[in-house]
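# An overview of the molecular structure
Below, each chain spelled out in residue letters.
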Amino acid sequence: ESKQSKHSHPKQRFAVLFGYCGTGYKGSQINPPHDTIESEFMKAAVKAGSVGLNRCARTDKGVHAAGNVVSLKMRAIPNLVEALNEHLPPQIRVYDCLRVTGSFNAKNHCGGRQYEYFMPTYILKKSSHTLYPHSSLPEDSNEAAQPLTEGCELGGSYVVVDSPETHEELRKFRVGQDELAHLREILKTYEGTHNFHNFTVHCKFKDRHAGRYITSVTACEPFVRPDGTEWISLRVNGQSFMLHQIRKMVGFAVMLVRTGTPANLVARVYKDEKINIPKAPALGLLLRKPLFDSYNKTHKEKHADRPEIDFEPYQHLIGPLVEEWINKDMYKEEIDKHVYKGWLDGIDMRNLDYAWWLTKDGSIRTDLKP
């Protein structure tokens, strides 16, 4: 690049609004030598003369984002958005590059994040009393599980599910109103400020960062896909989230519904007792968008000529990415690989890790802990 070009296009700080399908990437954060969303982005951004990237939200392996924001310094070249997209794979799309203040930091100025989790409703189907004997499941409920015989590699203390249901039968499952009501009651107890040390990894009860504020958690109405499978989406809004937190919140709620465990157990896992909560598959998790309401309000008067950091004006670009890449990939992978059934079978094969805290009255019985 010539000195004249550099002088005519000095580096300025931008907020880059973009989305992506996370399939095939080892998460969003740069992690050499693995392929990540940010490594792909930086390859394209470097060609536009960028430096100093910071993000507002990172996502795990296989997790998607309809909207995310990174901040970096770039030369304000003509057609900057087109220049970036030209060097990005089609599953990563830049919506816009917005001029921001020099002190803007995507993570620190982000005031909240909106996530959505999609799952087939059959994972809410009641499990077996044999697997979870301390729960309120009746003894004759779905008794398809048998103890492992001697010599099995997992050991005789575990129970394996025979899984007699075909995938065709699972596609026909429809969640009942009682299960929906129970799910929504559980999700409601996540709202507010709580200690989520049990919903992440390497976090202790007394760690300051364990406290998180959740604005709202709701379950939408179920819907049926063309292949006949019923799905449901859960919408989670909060200030910030720890590693695996949302996936463990979903996994915990699913386990309570399928074992009939009362919602009052949620309040008990905010205490210091440590329990092992399974995390739901990454496949269904979508970062809808980060929020910058406070930043927009603060800088509106000083920089009235600059647009707010808001994803609403870009819905015509977000919609096609979500439908053509994210949703298409998610539903296809479930049809081809039966991801959620495999997840349930894996949990039920190690039922002792969870059965001791899934009790009739929602109490945590440490005397039952294996």
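Residues numbered from 1 in each chain as written. Predicted model: local features only at pLDDT ≥ 70, side-chain atom pairs only at ≥ 80, totals over all residues. Heavy atoms only, no water.

### Concerning the packing of helix 5 (residues 177-188) against helix 6 (residues 245-259)
Between helix 5 and helix 6, the shortest axis-to-axis distance is 10 Å and the interhelical angle comes to 140 degrees. Viewed along their axes, helix 5 and helix 6 adopt a mutual orientation that is oblique. Once helix 5 is placed against helix 6, the crossing between them reads as right-handed. On the side of helix 5, the interface is formed by Glu179, His182, Leu183, Ile186 and Leu187, while helix 6 contributes Ala253, Leu256 and Val257. Grouping the amino acids of the contact of helix 5 with helix 6 by side-chain chemistry returns 6 nonpolar, 1 polar and 1 charged. (Axes fitted to C-alpha atoms, helices over the stretch in contact; angles between N-to-C directions. Helix = DSSP H or I, 4+ residues; strand = E, 2+ residues; numbered from the N terminus. Parallel < 35°, antiparallel > 145°, perpendicular 65-115°, else oblique. Left-handed = near helix turned anticlockwise from the far one by under 90°. Contact = heavy atoms within 4.5 Å. Nonpolar A, V, L, I, M, F, W, Y, C, P; charged D, E, K, R; others polar.)

### Concerning unusual backbone geometry
Although it is not a glycine, Asn79 adopts a positive phi angle of roughly 55 degrees. Judged by relative accessible area, which is 55%, Asn79 ranks as exposed. One non-glycine residue, His338, adopts positive backbone phi at about 50 degrees. Locating His338 in the fold gives a position in the loop between helix 9 (315-337) and helix 10 (339-349). (Buried < 20%, exposed > 50% of the residue type's maximum accessible area, 1.4 Å probe, protein only.)

### Some thoughts on the packing of helix 6 against helix 10
For the pair helix 6 and helix 10, the least separation of the axes is 13 Å and the interaxial angle reads 70 degrees. Here helix 6 lies roughly perpendicular to helix 10, going by the angle between them. Here Gly251, Val254, Met255 and Arg258 of helix 6 come into contact with helix 10, specifically with Trp343, Leu344, Ile347 and Asp348. The residue inventory of the contact of helix 6 with helix 10, partitioned by class, reads 5 nonpolar, 1 polar and 2 charged.

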